[in-house]
Amino acid sequence: MSATGNNKNGLTCPPDVDAEVFASLPLDMQQEIVNQHAIDINNYSSSDSEIECLGVSNSKLPDVNTMKIKDIKRELESYGISTSLMIEKEELVTALIDARKKGLGAVNRSSNNNGISNDMSDYRAAARRRYMESQSRQSVVQERQQQQNDSNGFIPYHLYAHTSAKSLPASDPTKKYFQTLRQVIGFDGSSSSRSYQWLFIFNYLVDFQYLLSELTPELIQFRRVVVFYGSKNPTEAYQQQWRQLLAGTGNTVEFIRLHPSDPPNTKTNPLHMKFSHGVHHTKCFLVGYEENGRSMCRVVVHTANLVSGDVERQTNSVYHQDFPLKQQKTTESKKPAVANPYKRKRDTSSLFEDDDDTSQFEEDMINNLESYYYRVRQSWCHPSMSSSSNTLNSKAMSWLQLIRQYDFSRAYVVLIPSVPGRHKADSYNNFGYFKLRQAIIENVCRHQQQSTTSPKPTICQFSSMGEFSSKYLSNFLSAIDSSTTQNNDPITIHEIKSKKKQAPLTAKLVLPTMDEIRTSVEGYNGGGSIPFRANKVDKDFLQPLYHRWSHRNRNNTTDPFKTARHIPHNKTFLQPSSTVANGIDWLLVTSHNLSITAWGQIQMRSKESHPEEKILFIQHWELGVFMSPATLAKMAPDEVGSDIQLMPYPGIDKSAVINIDGDEEDENDESESPKVLVPLPFDINPVPYDKHDIPWAADRRGNFPPDAFGYTMGA
């Protein structure tokens, strides 16, 4: 909706600019939009009927399709749009046409000796571009409402919108399964009344320049931001730029690099021991915001590094869910008490209605966050926030106390964290593959009916693989297979020193081939983000398990999410159902790759005083979300019941799908079991390797054909 009029600062909102959005901007950004609007109108005759948004007349510009690539790039760069990741001309043409339609103004850039902008122009340009795009916010909201009215309105997780997904027409039925980084965090299509309060970012690799250009101006509106990251990269200058953007606002950002292989009890390794192969690999956002008088927490768990290549060009999965505050007690007999964030079970002096009001999701979250040893107490919310039973105040508290304020009882997933440590018996089931095993037992095995058919093998899709033996893989797979896990205690298996022949491995490992990487949109260079090593993937016992990432013909029918040519950086573990055609018994979207350091391994405790004690040894921070029909039933209306089927999107009759997020059922749906569809980016029946398929390895050398960019793997 566009309108004009004076706001409280006395500035007039230009025509064709959303008045609500304009009013929410800081004064300096409002002034810039007003000034730029005047410049654009002066540059182009007002008699041109084609002037859109800020007045760029397409009739005065050369036809895009006849332009040379270098000229297209030059014009896009003048609009502040990076072309570094645009390879094909068709992609450049689409971007330029879109930019002209939106009327992006040219950006003047200045640089200091460090090669970065010495003022806020870069980020103001990005902010201006984002807000100009928000003129279509109403149509975005309407599109989402239409999606919610669709019988497939509830989507448990999404895929990041790669370049192929962004070019899909609005009518494409798969488009709803994709979201941009901004949508995932909650920046696009939201109400103008949303107020951003606090933000925690967890990742391995963070490109702070990319983060600022994509997420400003909302990113600098948070009162508190804390960034935990694992990889050392030369972006300190952009961290400083972020701090400068917050100068004088009262808002703060803190950057904490975590590296468990550093000496213990240090800034980069707050743990009590050193982990030689330790990595902070978790990929997560925790977002605090207020909207319509309610404080909310959004939990985002995903698989992408925060770099443009991962988010924009590769296949990555993402779960997000919003949670309200817990309901506080109002009786006069008890005064509100501050809850102990470290206490597992609350006593009768609890601040909230139930004596034991913690959900398993909350406990798993706290177990994970405690390992960071982040002890800062501060005010997380803007002082101007409204004060009610549905909102937080600006009182200082720890981040554990902050998270404890929210009600996670409606979570439809189980958190699967890994935390570096030597975990004893009382915490085995809190982390790593023991936690995944426990989730399978509680949410799959206890709900399964006896089946006369053979169980289907577990499917493991990952972007890196560690060093492990056939025995370890066999024990790992036995622990996460719903047909064997209850009869195969990992501790007992570890203790048995049997000389019996190991049962054949039956899992399906989805690993891209050399040719699939060569023909990807990034070619061989993109394969560097999935760093498989030849000495690990070429082991004999693994060869029969390998399956392709895509079908051999890779046409539209077999590639509904257009992921075949986008390198798989996501990690998905699942078990197909042996009783429901195309059904899924359980599914995990996670940052875990297939490695001992990520999932953990049972070891004997080394101290002589405890010679028989065993520990679960984990070296990575990781995080995933587990879902099954039983966990999804938590989101279903009462009349739906718990008999839900989890299935991949392709090949499902729409009339058999139920929206379990609270909307009305399809009156024509006569199926006994409502179905929830997920955007599985590979086939649930993946294609086995043949004799010509070679597993991808980033260090492999040989006589391989060049990719589309002329690169080869070397001799």
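Within every chain, residues take consecutive numbers counted from 1 along the sequence as written. Under the rules for a predicted model, residues below a pLDDT of 70 receive no local features and side-chain atom pairs below 80 are neither given nor counted, while totals for whole chains, interfaces and linings still include all residues. To get the side-chain values, all heavy atoms of the structure are used, and hydrogens and water are removed first.

(A) Layout of the sheet that holds strand β22 (residues 614-618). The criterion for strand pairing is that DSSP finds at least two bridges linking the strands in question. Here a strand is any run of E in DSSP of at least two residues, a helix any run of H or I of at least four, and the numbering for each starts at the N terminus. The three strands lie next to each other as β15-β22-β21, forming an open sheet whose pairing is antiparallel. Among the strands making up the open sheet, the edge pair consists of β15 (421-423) and β21 (601-604). With strand direction ignored, the average angle separating the axes of adjacent strands in the sheet is 40 degrees. Relative to β22, β15 is paired through three bridges, and the arrangement is antiparallel. Looking at β22, one finds that H423 is bridged to L616. Here, axes are lines fitted to C-alpha atoms. For helices the fit covers the stretch in contact, and angles between N-to-C directions go from 0 to 180 degrees.

(B) How the structure looks around the sheet that holds strand β10 (residues 294-302). Spatially, the eight strands line up as an open sheet ordered β4-β3-β11-β10-β9-β5-β6-β7, and their pairing is mixed. The two strands at the open ends of the sheet, each matched to only one other strand, are β4 (178-179) and β7 (252-257). In this sheet, strand β6 (residues 224-229) lies alongside strand β5 (residues 195-203) in parallel orientation, the contact comprising six bridges. In the sheet register, F200 faces β6, and the bridge partner there is V226. Here, residues are in contact when the closest pair of their heavy atoms is within 4.5 Å. Relative to the sheet, helix α10 (residues 236-245) contacts β5, β6 and β7, its axis offset from that of β7 by approximately 160 degrees.

(C) The arrangement of the packing of helix α9 (residues 208-215) against α10 in detail. Packing of α9 against α10 brings their axes to within 8 Å, and their N-to-C directions diverge by 35 degrees. Every pair of crossing elements has a handedness; the one defined by α9 and α10 is left-handed. The segment α9 lies against α10, with F208, Q209, L211 and L212 engaging Y238, Q239, W242 and L245. Its residues assigned to classes, the contact of α9 with α10 comprises six nonpolar, two polar and no charged. A clockwise turn of the near helix away from the far one marks a right-handed crossing, whereas an anticlockwise turn of less than a right angle marks a left-handed crossing. Following the grouping adopted for this structure description, the nonpolar residues are Ala, Val, Leu, Ile, Met, Phe, Trp, Tyr, Cys and Pro, the charged ones are Asp, Glu, Lys and Arg, and the polar ones are all others, Gly among them.

(D) Up close: the pattern of salt bridges. A carboxyl oxygen of Asp or Glu within 4 Å of a side-chain nitrogen of Lys or Arg is what we treat as a salt bridge. Within this structure, the stated rule accounts for 16 salt bridges. Across the pair E218 and R182 runs a salt bridge whose closest N-O atoms are separated by 2.8 Å. Of the two residues, E218 is situated in the loop between α9 and β6 and R182 in helix α8 (residues 181-185); the sequence distance between them amounts to 36 residues. Three labels apply to residues, based on accessible area from a 1.4 Å probe with only protein chains included: buried if under 20% of the type maximum, exposed if over 50%, partly exposed otherwise in between. A relative accessible area of 5% places E218 in the buried class. Judged by relative accessible area, which is 5%, R182 ranks as buried. Between D322 and R298 there is a salt bridge whose closest N-O contact spans 2.9 Å.

(E) Examining the side chain of S628 more closely. Here S628 lies in the loop between β23 (620-627) and α21 (629-632). Those residues in contact with S628 that lie beyond four places of it in its chain are N443, V444, D585, W586 and L646.

(F) Seen up close, helix α14 (residues 432-443). The end-to-end C-alpha distance of α14, which contains twelve residues, comes to 17 Å, matching closely the 16 Å that a straight helix rising 1.5 Å per residue would cover. Extensive coverage of α14 is indicated by the burial of eleven of its twelve residues. Those residues of α14 lying buried are G432, Y433, F434, K435, L436, R437, Q438, A439, I440, I441 and N443. For a helix, the expected span equals 1.5 Å multiplied by the number of residues minus one.

(G) Representation of the pairing of β5 within the structure. With eight of its nine residues buried, β5 lies for the most part within the structure. Summarising the sheet, β5 and strand β9 (residues 284-291) pair through seven bridges and their orientation is antiparallel. Residue pairing in the sheet places S195 in a bridge with E290 of β9. The handedness rule is simple: strands pointing away from the viewer, and a clockwise path from the first strand over the helix to the second, make the crossover right-handed. Crossover connection from β5 via α9 to parallel β6: handedness right-handed.

(H) View of the packing of aromatic side chains. In this analysis, rings of Phe, Tyr and Trp, with Trp reduced to its six-membered ring, are considered paired at centre separations within 6.5 Å, and the interplanar angle assigns stacked below 30 degrees, edge-to-face beyond 60, and tilted for intermediate values. By the definition in use, this model includes 42 aromatic pairs. Between F573 and W599, the aromatic rings sit 5.5 Å apart at their centres with planes inclined by 80 degrees, giving edge-to-face as the arrangement. Taken together, the residues span a long stretch of sequence, with F573 in strand β19 (residues 572-576) and W599 in helix α20 (residues 596-599) at a distance of 26 residues. For the pair F573 and W599, a shared accessibility class is recorded, and that class is buried. Here the guanidinium or amino end of R194 rests over the ring plane of Y289, the centre of that ring lying 4.0 Å away. Only lysine NZ and arginine CZ atoms are considered, and such an atom sits over a ring when it is within 6 Å of the ring centre and within 35 degrees of the ring normal.

(I) Representation of unusual backbone geometry. Cis peptide bonds are those with omega within 30 degrees of zero, and the linkage from T216 to P217 qualifies with 15 degrees. Along the chain, the position of P217 falls in the loop between α9 and β6. Of note in this structure, N292 is not a glycine but carries a positive phi near 55 degrees. Judged by its relative accessible area of 63%, N292 falls in the exposed class. A positive phi angle, close to 65 degrees, is found at N582, a residue other than glycine. By secondary structure assignment, the location of N582 is in the loop between β19 and β20 (584-590).

(J) Here's a closer look at the pairing of β23. A large share of β23 lies buried, amounting to eight of its eight residues. Both faces of β23 are covered, namely the face carrying H620, E622, G624 and F626 and the face carrying W621, L623, V625 and M627. The pairing of strand β8 (residues 279-280) with β23 spans two bridges and is classified as parallel. Paired with V279 across the strands is H620, a residue of β23. Two elements, β20 and β23, share four bridges in a ladder whose sense is antiparallel.

(K) Structural view of the side chain of D172. Structurally, the position occupied by D172 is in the loop between α7 (163-166) and β4. In this tally Asp and Glu are treated as negative and Lys and Arg as positive; neither His nor the chain ends contributes. Lacking a salt bridge, the buried D172 has K562 as its closest oppositely charged neighbour, with an N-O distance of 4.4 Å. Only 2.5 Å separates the side chain of D172 from the side chain of T174, close enough to count as a polar contact. By the criterion applied in these results, polar contacts are pairs of N or O atoms within 3.5 Å in which, for protein atoms, one can donate a hydrogen and the other can accept it, and in which residues neighboring in sequence qualify only through two side-chain atoms.

(L) A look at the confidence of the model for the chain. On average, residues of the chain carry a pLDDT of 79, and 71% of them reach 70 or more. Each residue carries a pLDDT value, the predictor's own confidence for that position, ranging from 0 to 100. Within the model, pLDDT remains below 50 along residues 39-60, and this stretch shows 38 contacts once partners closer than five positions in the same chain are excluded. Low pLDDT (under 50) marks residues 330-339, which in the prediction has nine contacts with non-local residues, meaning those over four places away or in another chain.

(M) Structural context of helix α3 (residues 69-78). Among all positions of α3, only I72, E75 and L76 are buried. When α3 is viewed along its axis, its buried side chains cluster within an angular range of 100 degrees and face the same direction. With respect to the buried face of α3, the exposed residues turned more than 90 degrees away are K70 and R74. What the arc describes is the spread of directions from the helix axis to the C-beta atoms.

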